[in-house]
Amino acid sequence: MSLSAGQLESQVIEVDVSIDGHRVEEADITRVLHEARASIDPGDRVVIHAFPACFAIDGSYGVKEPVGMFGDRLAVSMHVITAAAGPVRNLESAIQRAHLTVARFVASPYASALATLVDDERELGAAVVDMGAGSTQIAIFAGGALVHVDVIPVGAGHITQDIARGLLTPVDHAERLKTYYGAAMQSPTDDREMIDVPQLGETGPAEDITSQLPRSVLTGVIQPRIEETLELVRDYLEAGGFDGIGARRVVLTGGGAQMPGIRELAQTILGKQVRIGRPRRVVGLADATAGPAFATCTGLLLYDQMAPLELSDERQTEAKEQPKGRLARMGRWFKENF
Ligand SMILES: Nc1ncnc2c1ncn2[C@@H]1O[C@H](COP(=O)(O)OP(=O)(O)OP(=O)(O)O)[C@@H](O)[C@H]1O
Ligand SMILES: [Mg+2]
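This text gives an overview of the structure that appears in the document. (Residues numbered from 1 in each chain as written. Chains lettered and ligands numbered in written order. Predicted model: local features only at pLDDT ≥ 70, side-chain atom pairs only at ≥ 80, totals over all residues. Heavy atoms only, no water.)

This part is about the pattern of salt bridges. For the structure on display, the rule yields 13 salt bridges. Its salt-bridge partner being E121, residue R249 comes within 3.0 Å of it at the nearest N-O pair. Placement of R249 in strand β12 (residues 249-253) and of E121 in helix α4 (residues 119-124) is noted, with a sequence separation of 128 residues between them. You can call R249 partly exposed: its relative accessible area is 25%. Its relative accessible area of 7% is what places E121 among the buried residues. (Salt bridge = Lys/Arg side-chain N within 4 Å of Asp/Glu carboxyl O. Helix = DSSP H or I, 4+ residues; strand = E, 2+ residues; numbered from the N terminus. Buried < 20%, exposed > 50% of the residue type's maximum accessible area, 1.4 Å probe, protein only.)

Printed below as a string of structure tokens:
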């Protein structure tokens, strides 16, 4: 299940162990990962992901496969993503009420990144910006690993609300106006093109309750909200360490990335190379799932295949409530002992 609620937070934990000048063996890796796991302290939050971002030998970072190398100290940088426990539990109980269980939570921007970034982007460094309905989510990749996630609580749904308020039209009409006629930037023909805008609360024949407005009025409502969101994205990217010459590629995805003109606007505001990210094709999925709105879902399907092994699974189970009742306790005992 993808998770964008619970104020996702990224944290990097660095732990090192002594290897006394000998050759690094699998056992040393297990030891340093064990130490790293022991030093995770989520407090009252829940660990959603915890995986090694990279290893270091004697202070030189960027080592991917330390086994076989020599040195005095072996260190690991662990990327730990946590979420507030309340929203995670609420989601889980909603799923359980539908007689389903959550196999694992995956941070939404991580799933979107797995689906949209190509190998070179993950390696050289890229940020995925997933513009959803309720929020805009960011995932930053570098050196092949996810290094940062953030969630900005502003999304494409806010544009719909702005249109409904600004043009005094019902919310469902505002959504329709946005998807049919919306654009992130004014175009020269906008003043001449008229659109029908049904008025809020009016009843009667369609021609009486509908006013005609130039399209430029609609764009005038949409553009400032998208600009504001992209300015927030720029600030979050900088705060997440995505700046400098190596950090140039931004991939925009999510339903909101379908707004015409958004790529050009993002390029100007973020000062980066921007492309629209469509999820990679998965055999068997319908053509209708090829658009950016399906990035997160496709990423969930790819997770098992693409994501590195994690240390967090055990902790997630620990954080869950212990099952109640004799049968449930017996089930747990069987699971733990066989
Ligand atoms: N053609 C379009 N132009 C602009 N916006 C669009 C278009 N199509 C869909 N959207 C907007 O995209 C949003 C939905 O995107 P998406 O499906 O990625 O959201 P979500 O994943 O459900 O939400 P969240 O990520 O916040 O949990 C809606 O606000 C919708 O209005
Ligand atoms: Mg989403």
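Next, the rest of the story.
Turning our attention to the pairing of β12. When you tally the buried positions in β12, you get 4 out of 5 residues, the bulk of the element. Across 5 bridges, the pairing between strand β7 (residues 126-131) and β12 is parallel. Following the sheet pairing, V128 is matched in β12 by V251. The sheet contact formed by β12 and strand β13 (residues 273-276) spans 4 bridges and is parallel. When the bridges of β13 are listed, R249 appears paired with Q273. (Pairing = 2+ DSSP bridges.)

The element strand β9 (residues 145-152) is extensively covered by neighbouring structure, given that 7 of its 8 residues are classed as buried. Between strand β8 (residues 136-142) and the antiparallel strand that follows it, β9, lie 2 residues; G143 among them carries a positive phi value of about 55 degrees.

Across a sheet, paired strands are connected by hydrogen bonds in the backbone, their directions being either parallel or antiparallel. Taken in spatial order, the 4 strands line up as β2-β5-β3-β4 in an open sheet, and their pairing is antiparallel. If you trace the sheet from one side to the other, it starts and ends with β2 (9-18) and β4 (60-63), each paired once. On average, each strand axis in the sheet is inclined to that of its neighbour by 40 degrees, with strand direction left out of account. Sheet topology note: the strand β3 (residues 45-57)/β4 ladder contains 3 bridges and is antiparallel. Its bridge partner being in β4, F55 is matched across the sheet by V63. Seen against the sheet, helix α1 (residues 26-38) touches β2, β3 and β5 (73-84) and runs at an angle of roughly 40 degrees to β5. (Axes fitted to C-alpha atoms, helices over the stretch in contact; angles between N-to-C directions. Contact = heavy atoms within 4.5 Å.)

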